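# Fold and geometry: a report
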Amino acid sequence: MKKFTLATMTAAAALMSGQAAMADAHLDEITVGYFLEWPMPMLAAKADGSYDEALGVPVKWVSFETGTAMSAAMASGDVQMSVSQGVPPFVVAVSAGQNLQIIDVAVSYSENDNCVVRSDLQITKDNAGDLAGKKVAVPLGTAAHYGFLRQMDYFGVDISTLDIVDMDPPTGSAALAQGDVDFACGYGGGLSRMKESGNVLLTGAEKEELGILVFDVTSAPAEFIAENPEMAAKFVKVTADANAEWAANQSEEMLMVIAKESGQELETARSDLTGFTFPTIEQQLSEAWLGGNAATFMKGVADVFVEAGSIPAALDSYEDTVNTGPLTDASSM
């Protein structure tokens, strides 16, 4: 956990050089971070060049394994926007001083982020207290990390008794399969493979009942958004149009493109998408999402991380980290 805190501070320290690199409003291209094994309708727009056409510049896409890596890339100036960054890694970055803003709710997914316990341990929600003293793989600073902390608190498991190892989901799933860890937390393809080795403690619906929300955002450095407001608005508009097309048709043709772009088998992508919801622009601008609740939720996430010793302090408020300008502009395009 100390290593994680130091890494966060290091990323924040790189902020100034990153901001300077992104203050150019006349870019020849932009670089956008995204996840593989994470099937989303926007991948179809990525494939057919809709983003390049709408933004008027080529879009270079770079895949990441964690949202914390996305934060570091935006701090260095290597990436201008990140799609589907988890709220927890976003909160960690802005709490450390990185000047990022949310411009879009990318996806909500309670079923596609969870912790899995090795089958041979025979530990379920009914005897989850037996996890005390066990070894767990967790991608620190991510949505999975936040969910892990909340679940351990619910089950009364003191995290100081656990051997917590920082692993991205693909690595964590391999460690679980090999018996190197007792349980692992993750999302996407990594979580799917974890389930082959064990069982989840709580379902998505059970987590939601406890207030454990799981959603990702599209984020960008505040300076980049301020210098390129039209580009940011057009980007979220293309995303919204792709989401609308999927919601209306869910065609096999579109699914095939999404699966290919995410690096998944067709049926795996189909299964993952059943656990995803994509709020419309109108929904995102409402009080339930970016119009109010998101900032309150982020404050809660930050307080959990502070209590766990993962970050030194939380912001007094996260309202300034939400920028609804691009979505508002996109709504009239």
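For the structure, see preceding data.
The numbers attached to residues start from 1 for each chain and follow its sequence in the written order. Residue-level local features of this predicted model are given only where pLDDT is at least 70; pairs of side-chain atoms are given and counted only at 80 or more, and the full residue set underlies all totals for whole chains, interfaces and linings. In computing side-chain properties, one takes all heavy atoms of the structure into account and sets aside hydrogens as well as water.

### Here we look at the packing of helix α13 (residues 252-262) against helix α14 (residues 266-273)
Angle between the axes and distance between the axes are the two parameters that describe a pair of packed helices. Keep this limit in mind: Axis definition: a line fitted to C-alpha atoms, over the contacting stretch in the case of helices. Angles run 0 to 180 degrees between N-to-C directions. In DSSP terms, a helix is any run of H or I states spanning at least four residues, a strand is any run of E spanning at least two, and both are numbered starting from the N terminus. Angle categories are assigned with fixed cut-offs, so that under 35 degrees is roughly parallel, over 145 is roughly antiparallel, 65 to 115 is roughly perpendicular, and the rest are oblique. Residue contacts are counted whenever heavy atoms from the two residues lie within 4.5 Å of one another. Each residue receives one of three labels: charged for Asp, Glu, Lys and Arg, nonpolar for Ala, Val, Leu, Ile, Met, Phe, Trp, Tyr, Cys and Pro, and polar for the others, Gly being one of them.
Two elements in contact, α13 and α14, have axes whose closest approach is 9 Å; the angle formed by their N-to-C orientations is 100°. Between α13 and α14, the angle is such that the two are roughly perpendicular. Across from Glu252, Leu255, Met256, Ile258 and Ala259 in α13, the residues of α14 making contact are Leu266, Ala269, Arg270 and Leu273. A per-class count over the contact of α13 with α14 returns 7 nonpolar, no polar and 2 charged.

### A look at unusual backbone geometry
Note the cut-off: For every residue, the accessible area (1.4 Å probe, protein chains only) is compared with the maximum for its type, and the residue is labelled buried under 20%, exposed over 50%, or partly exposed between those bounds.
Unusually for a residue other than glycine, Glu37 sits at a positive phi of about 55°. With respect to the secondary-structure elements, Glu37 resides in the loop between β1 (30-35) and α3 (42-47). Take Glu37: its relative accessible area is 23%, and that puts it in the partly exposed class.

### Considering the packing of aromatic side chains
Within a pair of aromatic rings, the relevant descriptors are the distance that separates the centres and the angle that separates the planes. Here is the rule we go by: Any pair of Phe, Tyr and Trp rings, taking the six-membered ring for Trp, is counted once the centres come within 6.5 Å. Such a pair is stacked with planes under 30 degrees apart, edge-to-face with planes over 60 apart, and tilted for the rest.
Per the stated rule, a full pass over the model turns up 16 aromatic pairs. Measuring from centroid to centroid gives 4.6 Å for Tyr51 and Phe235, while their planes differ by 35°, and the two rings are tilted. You can see Tyr51 sitting in helix α4 (residues 50-55) and its partner Phe235 sitting in helix α12 (residues 229-249), a full 184 residues away along the chain. Like Phe235, Tyr51 is buried. Where Trp61 meets Phe235, the ring centres are 6.3 Å apart and the plane angle is 35°; that geometry is what we call tilted. One end of the pair, Trp61, is in strand β2 (residues 59-64); the other, Phe235, is in helix α12, with 174 residues separating them in the sequence. Exposure class is identical for Trp61 and Phe235. Each is buried. Clustering of aromatic rings is evident, with ring pairs tying together Phe35, Trp38, Tyr109, Tyr187, Phe276 and Phe278.

### Focus: the sheet that holds strand β8 (residues 183-187)
The condition that has to hold: Only when DSSP finds a minimum of two bridges between them are two strands counted as paired.
The mixed open sheet is built from 5 strands, whose spatial order is β7-β6-β8-β5-β9. Of all the strands in the sheet, just β7 (163-166) and β9 (198-200) have a single pairing partner and so form its edges. Strand-to-strand, the axes of this sheet are offset by a mean angle of 25°, without reference to chain direction. As paired elements, strand β5 (residues 113-118) and β9 share 3 bridges and run antiparallel to each other. Across the sheet, residue Arg118 finds its bridge partner in β9, namely Gly198. Sheet strands touched by helix α7 (residues 143-155): β5, β6 (135-138), β7 and β8. Its angle to β8, the strand with the most contacts, is close to 135°.

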